[in-house]
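The chain contents come next:
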Amino acid sequence: MIPHDLDPSEFRRPRDKRPTRHVYLANCGQGCGDSTQSVLEVLDVAAPDTVVEGLHVGIAGVSYASFATADAAERICGRLADVAPRWVVRYAELPAESQRAPLLPSSVASTVGVDVPGLE
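Description of the structure in this document. Keep in mind that what you see is a predicted model, and the values were worked out from it rather than measured. (Residues numbered from 1 in each chain as written. Predicted model: local features only at pLDDT ≥ 70, side-chain atom pairs only at ≥ 80, totals over all residues. Heavy atoms only, no water.)

### Overview of the sheet that holds strand β1 (residues 4-5)
Part 1: The mixed open sheet is built from five strands, whose spatial order is β1-β3-β4-β2-β5. Each edge of the open sheet is held by one strand with a lone partner, namely β1 and β5 (88-92).
Part 2: Here strand β2 (residues 22-26) runs beside β5; their pairing, made up of five bridges, is antiparallel. Residue Y24 lies in a different strand from β5, and its bridge partner there is R90.
Part 3: Here helix α2 (residues 70-83) sits on the sheet in contact with β2, β4 (62-67) and β5, set at roughly 165 degrees to β5. (Pairing = 2+ DSSP bridges. Helix = DSSP H or I, 4+ residues; strand = E, 2+ residues; numbered from the N terminus. Contact = heavy atoms within 4.5 Å. Axes fitted to C-alpha atoms, helices over the stretch in contact; angles between N-to-C directions.)

Okay, here's the thing in structure tokens:
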């Protein structure tokens, strides 16, 4: 399966420390001698049979990869330090995927202790 091309401008640093399904790869890209094929080969060595759903191999040495789940990305991240020691690996976040709905109360009774200023 050929991964779809990712838009690097859509990514940002995650708001919390939890793994995401996307990874940021510094010191990885065309400027560092990497190609799409070589990056895919390294990811396959790090976690065989893990499907790379999306990939951007940057010109200046910043790349991104996306996987089906955060668990798959976590497996990859855990192995890349050994397989590709020059790469700096961090989780990345796509804001479109991380939009969380506001927390809603589970019942009217659960809001009894909530004090809303100006409401009497």
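We are not done yet, so read on.
### Examining the environment of A46
Part 1: Among the structural elements, A46 can be located in helix α1 (residues 36-46).
Part 2: The class for A46 is buried, based on a relative accessible area of 3%.
Part 3: Sequence separation of A46 and I76 is 30 residues, and the distance between their C-alpha atoms is 5.7 Å.
Part 4: Setting aside anything within four residues of it in sequence, one finds A46 in contact with I76, R79, L80 and V83. (Buried < 20%, exposed > 50% of the residue type's maximum accessible area, 1.4 Å probe, protein only.)

### A few points about the pairing of β2
Regular strands show a simple pattern: their side chains alternate between the two faces of the sheet.
Part 1: Counting buried positions along β2 gives four out of five residues, so the element sits mostly inside the fold.
Part 2: Bridge analysis of β2 against β4 gives five bridges, and the strand direction is antiparallel. Directly across from A26, in β4, lies its bridge partner V62.

### A look at the layout of surface pockets
Part 1: Approximately 330 Å³ is the volume found for the largest pocket.
Part 2: Forming the boundary of the largest pocket are F11, R12, R13, P14, D16, K17, R18, Y24, Y64, R90, Y91 and A92.
Part 3: Ranked by residue count, the leading element in the lining of the largest pocket is β5, at three residues.
Part 4: Residue classes in the lining of the largest pocket are distributed as six nonpolar, no polar and six charged. (1 Å grid on protein atoms, 1.4 Å probe; cavity = no way out; pocket = protein on both sides within 12 Å on 5 of 7 lines; lining within 4 Å. Points joined across faces, edges and corners; volume = space filled by probe spheres on them. Nonpolar A, V, L, I, M, F, W, Y, C, P; charged D, E, K, R; others polar.)

### With respect to the packing of aromatic side chains
Part 1: What the rule picks out here adds up to two aromatic pairs.
Part 2: On the numbers, 4.4 Å between centres and 5 degrees between planes, the contact of F11 with Y64 is stacked. Here F11, found in the loop between β1 and β2, pairs with Y64, found in strand β4; they are 53 residues apart in sequence, far enough to count as distant.
Part 3: For F11, a relative accessible area of 10% translates into the label buried.
Part 4: An aromatic cluster of three or more residues is present, and its members are F11, Y24 and Y64. (Phe/Tyr/Trp six-rings, centres within 6.5 Å; stacked < 30°, edge-to-face > 60°.)

### Overview of α1
Part 1: Within α1, the full set of buried residues consists of V39, L43 and A46. Looking straight down α1, one finds that the buried residues subtend no more than 55 degrees of arc, so they occupy a single side.
Part 2: Of the surrounding elements, those touching the buried residues of α1 are β3 (52-56), β4 and α2. (Arc of directions from axis to C-beta.)

The quantities given are spatial measurements derived from coordinates; they are silent on function.
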